[in-house]
Amino acid sequence: MMRRRALARFLAPALFVLLGACESRPGFHGTDVTGIPGYGSDFKLTDHAGTRRSMADFRGKVVVLFFGYTQCPDVCPTTLSEMRKAMGLLGDDAARLQVLFVSVDPARDTRDVLAKYVPAFHPSFLGLSGERDAIDRVTRDFRIVAQIQEGATPESYTVNHSAMSLVFDTQGRLRLFWPYGMEAEKMVADTRTLLKGR
């Protein structure tokens with residue numbers, strides 16, 4: 001039963017992506033999910049500098065919410081590297097894009113660990129974390145899968161997690177899903193479209 005529930009949570013975002021893809025508005029490279037119900041719109045977590053954060057802190061910016069963990073072997077560093085490239089391509093508009101990396105591994109991703117890992121990709125990127133129950137609440141609200149897979153030792157576990165990025169417009173509304181593997185140039189185009197208020 002638990003495996004079925006986990007599978008259902010994993011498939012739910014993919015289903016919405018497919019549904020949204022059928023109705024995507026011209027001009028977006030990511031999947032337009034504007035108005036799809038059931039997704040969270042806010043969070044209360046602490047950044048790697050110790051500041052409490054919520055979506056209201058970033059009003060006026062396009063916000064990219066990406067869930068992962070610092071010991072992720074491929075998806076996380078690849079995605080963050082592509083976002084770093086996008087920041088470079090945005091020029092002056094980069095100041096209006098905020099990337100938020102939400103850790104799904106709060107036991108190992110301490111504030112110090114996040115402070116070394118996340119800004120290494122770009123100084124404006126913020127790592128967010130909290131107590132286990134706070135992380136569970138946020139992943140549930142935003143329909144993110146994050147499932148621990150045991151390793152050879154208690155400390156060597158991995159975390160299977162959703163690889164998409166959630167993109168919010170300058171008013172804090174969820175607008176797009178960016179799939180894993182999205183190229184920086186397409187991120188830039190979508191960001192500039194949202195910055196124009198579309």
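Above this text is the structure in question.
Cut-offs used in this document
- Residues numbered from 1 in each chain as written.
- Predicted model: local features only at pLDDT ≥ 70, side-chain atom pairs only at ≥ 80, totals over all residues.
- Heavy atoms only, no water.
- Helix = DSSP H or I, 4+ residues; strand = E, 2+ residues; numbered from the N terminus.
- Expected span 1.5 Å × (residues − 1).
- Buried < 20%, exposed > 50% of the residue type's maximum accessible area, 1.4 Å probe, protein only.
- Contact = heavy atoms within 4.5 Å.
- Salt bridge = Lys/Arg side-chain N within 4 Å of Asp/Glu carboxyl O.
- Axes fitted to C-alpha atoms, helices over the stretch in contact; angles between N-to-C directions.
- Parallel < 35°, antiparallel > 145°, perpendicular 65-115°, else oblique.
- Left-handed = near helix turned anticlockwise from the far one by under 90°.
- Nonpolar A, V, L, I, M, F, W, Y, C, P; charged D, E, K, R; others polar.
- Phe/Tyr/Trp six-rings, centres within 6.5 Å; stacked < 30°, edge-to-face > 60°.
- Lys NZ or Arg CZ within 6 Å of the ring centre and 35° of its normal.

**Here's the deal with helix α5 (residues 184–195)**
- When the terminal C-alpha atoms of α5 are compared, their 16 Å separation across 12 residues agrees well with the 16 Å that a helix rising 1.5 Å per residue should span.
- For α5, every residue scored as buried is listed here: Ala184, Met187, Val188, Asp190, Thr191, Thr193, Leu194 and Leu195.
- Contacts made by the buried residues of α5 are with β4 (62–68), α2 (75–90), β5 (97–103), β9 (165–168) and β10 (174–178).
- Immediately downstream of α5, the backbone of glycine 197 shows phi near 85°, a positive value.

**With respect to the pattern of salt bridges**
- Here the structure, examined in full by the defined rule, presents eight salt bridges.
- Put simply, aspartate 105 and arginine 108 hold a salt bridge, and the shortest N to O gap is 2.6 Å. The two residues aspartate 105 and arginine 108 agree in class, both being buried.
- Through salt bridges that share partners, Asp169, Arg173 and Arg175 make up one connected network.

**Details of the packing of α2 against α5**
- For the pair α2 and α5, the least separation of the axes is 8 Å and the interaxial angle reads 55°. The pairing of α2 with α5 is recorded here as oblique in orientation. Every pair of crossing elements has a handedness; the one defined by α2 and α5 is right-handed. Counting all contacts with α2, which are made through Glu82, Met83, Lys85, Ala86, Leu89 and Leu90, the residues of α5 involved are Ala184, Glu185, Met187, Val188, Thr191 and Arg192.
- Of the residues assigned to the contact of α2 with α5, the class counts are seven nonpolar, one polar and four charged.

**A word on the packing of aromatic side chains**
- Under the criterion given, the structure shown has six aromatic pairs.
- Arranged with centres 5.9 Å apart and planes meeting at 45°, the rings of phenylalanine 101 and tyrosine 117 form a pair that is tilted. Here tyrosine 117 lies in helix α3 (residues 111–117) and phenylalanine 101 lies in strand β5, a separation of 16 residues in the sequence. As far as the burial class goes, phenylalanine 101 and tyrosine 117 line up, both buried.
- Through a chain of ring-to-ring contacts, the aromatic side chains of Phe66, Phe101, Tyr117 and Phe121 assemble into a single cluster.
- Note that arginine 108 overlies the ring of tyrosine 157, its terminal NZ or CZ placed 3.7 Å from the centroid.
- The side chain of arginine 143 reaches across the aromatic face of tyrosine 39, ending 5.0 Å from its centre.

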